[in-house]
Amino acid sequence: MRTHLGRCCLTLVLAVAPAASAQVPTPESVLGFVPGTDRKLVEWPTLVDYFRRLAAASDRVTFRDLGRTTKGAPFIAVVVSSAANLGRLDELLAINAKLADPRTIASDEERAALLRDGRAIVLVTSSIHSTEVGGHLSPTVIAHRLASGTDPDVLRILDEAVLVLVPSLNPDGVNIVSRWYNATLGTEAEGTSPPELYHPYVGHDNNRDWYAFTQVETQITIDSLHNVWHPQIVHDMHQQGAFGSRLFLPPFLDPVEPNVDPLIVWGFNTLGTAMAWDLAGQGKRGVVVSATYDAWTPARAYQHYHAGVRILSETASARLATPIEVRPDQLQGRRGFETDVASWNFPQPWEGGRWTLADIVEYQSAAALALLRQAAANRELWLRNFLAIGERAVRGWEGWPRAFVVPREGQPEAALRTMLGILQRGAVEIRTALQPMSVGGRSYPAGTYVIDLRQPYGAFAKALLERQEYPDLRQYPGGPPRAPYDVTAHTLPLLMGVHVDRVRDTVTVPLSEPVQIPSPSYAYAAVSQPAGRPIGLYRSFTAPMDEGWTRWVFDTWGVPYQSLEDSLIRAGGLHARFGAIVVPSMSGRQIERGLSDSYPARYRGGLGTAGVQALREFVQAGGTLVTLDDASRWAIEAFSLPVRDASEGLDDQTFYAPGSIFRLHLRSGDPLAAGVPDTTIAWYEGGPLFEVSDTAAARAIGWYPQAGEDVLLSGWVLGPERAAGRGALVEARVGRGRVVLFGFRPQYRGQTLATYPLLFNALRPLH
Ligand SMILES: [Zn+2]
């Protein structure tokens, strides 16, 4: 009987499935090659065409056009599941929305039914970083396998899970990188990074935007995917360097940001390890877990505050689509493992050899399928724990403040709306007091904003509104710091200059329903007296992200500017055309030498001596040169300024602050400090600490607190006394003009609205 049943089912599967798979287009039939073929990349329209055709041919796939990117390309997703699940997708979405918000569940019976009838929702996103080119192609392989597969493995995934697949979180970058790669094939520049940012504004930092939501691609992903689908699991496919492990999977290293629910931590520990186990069974070598990447910043992990588990996968790279040979002696361990030593988290090293795009596509798609198998096999557990996270959030965590209270009066309007708008986009409910209230010893008028933390995404609000205390992690006791994977602070009220009160008591006055926060309006003219002549913004072919962020801030605030490439600056005559020129944060070597000789002539060489001389003449003639962060180190040398960088020569054990919020004092009444409170913040990320040696020629407009007052407001600092009293913003006179030196990032990742006016003020021409 058992045998008969087995045969029966097998026959059924075979009878149904091949008909579907016969019509499903292969990636090769649309792309013109098998994904992973050496030296073959296509641009975005071809990939979109593939997913459209796949959806048209398969009843397991639907196509979604979700909006337009920065450069106007379609931002798409495909939904993949069994035809039966897709036929009742609205019902499945409604079930999942209820599981995401336990307040909507009426009874234990309903709860049990939701867990029984729901499906695991898995969001897989790819190629946010466009030079990680395996990510352009792997989604076609994953989607095709699920659309055409007839084996029980695939059928189970389709039955138990709904996959939302985003073939690229950055379609503009697919075009930028593929065009560059195809144009340089067979030349010396084959396999190099393009001489521009691969996200039109923010390059690699597009994966640091998951709470600030500054870029349109981030906004689409949050509004149309995360907040609609509420995935239990999110898998973001990346590539790492060529010479480490072949694939990283979670667990992440410490520290885990303290507002992440422990169930999420167990989720990524378990799922990442199970995927590694599955891949090892398929003979994949060189897989590491618990290495290199930590889980501190919400800038990379929206889902960690929205009940979802984040699986970061990082496959080793080749040279874009060009294969490489890796010698064993080139392999290098990163934090947490050695490449030539088997260990608990890296039990099967890879010995080196040829590494190709096909390997990358194979590891990426195998990892995605391993993840889907786990989601399918443990569907009910995923749903149950997802619900439990929401239940704990709504009940409230012991030791947490009860609410954050945000007064309306006396706040900078654009910053207030930006900050609350971020929370709102993050699905945080913001209410207002319907009566005057007194709480925590303070009185507030009716209309005051109240964010009660007992709500599904209270952790998102708490993480972004409180100050961070990054743990003092060392490589060994008493040794150098263990660097965080990214930065250490994300306190929005400090970054934006908005006053927020933390409240331990229950707010007892009646509150409104969640309110809609009005959109902020950004106007440079309203903040600073606009510059008379346009501003020049140096745009290096080395493509520093700080340039992109500056351009984004200028575009958003309506600052009139022109991008200046090397040739324009080298040509000289700048003072007649520009009142101020901004050099974004980048090294002196990048500024003066630019790209190497492997690039075509047009992109090589940086400013060179001619460009530096042209900038000197510009300032001598009365121009204002504004240098940001690292570029200020270059300016001190290039202009022989009477300023010393006191951070020079300090090792990490002596002074270290890898992305923290510092306290900053400003010279009261100075035009450069206009419109900013005398005490404000500085986003400090290893920038110079100024010491002025000739106060007649240079003066500090901003400085860090003297010893005795804390310099650190949020994040981490070692040796804060090294910064005590040091200059952070200096104006140095040169000829008829000036150089304005920033020792911090006044426009950090589009978040430091508190210090934008300092940058805007500096753009005003002297003459
Ligand atoms: Zn990446």
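Residues numbered from 1 in each chain as written. Predicted model: local features only at pLDDT ≥ 70, side-chain atom pairs only at ≥ 80, totals over all residues. Heavy atoms only, no water.

**Focus on the sheet that holds strand 17 (residues 449-452)**
Taken together, four strands build an open sheet; the order of strands is 14-17-13-18 and the sheet is antiparallel. The open sheet has two edge strands with one neighbour each: strand 14 (431-432) and strand 18 (501-503). In this structure, strand 14 lies alongside strand 17, joined through two bridges in antiparallel fashion. Its bridge partner lying in strand 17, Arg431 is registered against Val450. Helix-sheet contacts for helix 14 (residues 413-425) involve strand 13 (403-406) and strand 17, and the interaxial angle to strand 17 is about 30°. (Pairing = 2+ DSSP bridges. Helix = DSSP H or I, 4+ residues; strand = E, 2+ residues; numbered from the N terminus. Contact = heavy atoms within 4.5 Å. Axes fitted to C-alpha atoms, helices over the stretch in contact; angles between N-to-C directions.)

**Observations concerning the nonpolar core**
Judged by nonpolar contacts, the single largest core of 208 residues is most densely connected at Leu146, Leu420, Ile451 and Tyr704. Apart from residues no more than four positions distant in its own chain, Leu146 is found in contact with Arg60, Val80, Val154, Ile157, Leu158, Leu163, Leu369 and Leu372. (Core = buried A, V, L, I, M, F, W, Y, C linked by side-chain atoms within 4.5 Å. Buried < 20%, exposed > 50% of the residue type's maximum accessible area, 1.4 Å probe, protein only.)

**Structural notes on the packing of aromatic side chains**
Inspection of the entire model under this criterion finds 33 aromatic pairs. When the centroid spacing of 6.1 Å and the interplanar angle of 40° are considered together, the rings of Phe248 and Phe252 count as tilted. Of the two residues examined, Phe248 and Phe252, each falls in the buried class. Members of the aromatic cluster, joined through ring pairs, are Phe248, Phe252, Phe268, Tyr293 and Tyr485. The side chain of Lys284 reaches across the aromatic face of Tyr363, ending 5.8 Å from its centre. (Phe/Tyr/Trp six-rings, centres within 6.5 Å; stacked < 30°, edge-to-face > 60°. Lys NZ or Arg CZ within 6 Å of the ring centre and 35° of its normal.)

**A closer look at the coordination of the zinc ion**
Six octahedral donors around a metal ideally sit at 90 or 180 degrees from one another, while four tetrahedral donors ideally sit at 109.5 degrees. Around the zinc ion, the protein supplies His129 (ND1), Glu132 (OE), Glu132 (OE) and His238 (ND1) as donor atoms, at distances of 2.1 to 2.4 Å. Coordination geometry of the zinc ion: the four donor atoms subtend angles of 56 to 148° at the metal centre, consistent with an arrangement described as irregular. Mapped onto the sequence, the residues coordinating the zinc ion show the spacing H-x2-E-x105-H. Residue Glu132 is found in the loop between strand 3 (120-126) and helix 7 (134-148), and its partner His238 is found in strand 5 (residues 233-240); the two are separated by 106 residues along the sequence. Look at His238 and you get buried, because its relative accessible area is 1%. (Donors = N, O, S within 2.8 Å, 3.2 Å for Na, K, Ca; no water. Tetrahedral: all angles 85-135°; square planar, octahedral: opposite > 155°, others 65-115°.)

**Quick word on the environment of Ala403**
Mapped onto the secondary structure, Ala403 falls in strand 13. Under the relative-accessibility criterion, Ala403 is labelled buried at 1%. Separated by 104 residues in the primary sequence, Ala403 and Val507 place their C-alpha atoms 7.7 Å from one another. Sequence-distant contacts of Ala403, that is, excluding residues within four places in its chain, are made with Val450, Ile451, Asp452, Leu453, Asp501, Arg502, Val503 and Val507.

**Describing the pattern of salt bridges**
Throughout the structure, instances matching the rule amount to 44 salt bridges. Note that Arg327 and Asp329 form a salt bridge whose closest N and O atoms lie 3.0 Å from each other. Between Asp452 and Arg454 there is a salt bridge, with the nearest N and O atoms lying 2.8 Å from each other. (Salt bridge = Lys/Arg side-chain N within 4 Å of Asp/Glu carboxyl O.)

**Thoughts on the sheet that holds strand 5**
With mixed pairing, the eight strands of this open sheet are ordered in space as 1-2-4-3-5-10-6-8. Of all strands in the sheet, those bounded by a partner on one side alone are strand 1 (61-68) and strand 8 (287-289). In this sheet, neighbouring strand axes are inclined to one another by 20° on average, regardless of whether the strands run parallel or antiparallel. Looking at chain direction, strand 2 (residues 74-80) and strand 4 (residues 161-166) are connected through three bridges and run antiparallel. Directly across from Val79, in strand 4, lies its bridge partner Val164. Sheet strands touched by helix 12 (residues 357-377): strand 3, strand 4, strand 5, strand 6 (247-249), strand 8 and strand 10 (309-316). Its angle to strand 5, the strand with the most contacts, is close to 165°.

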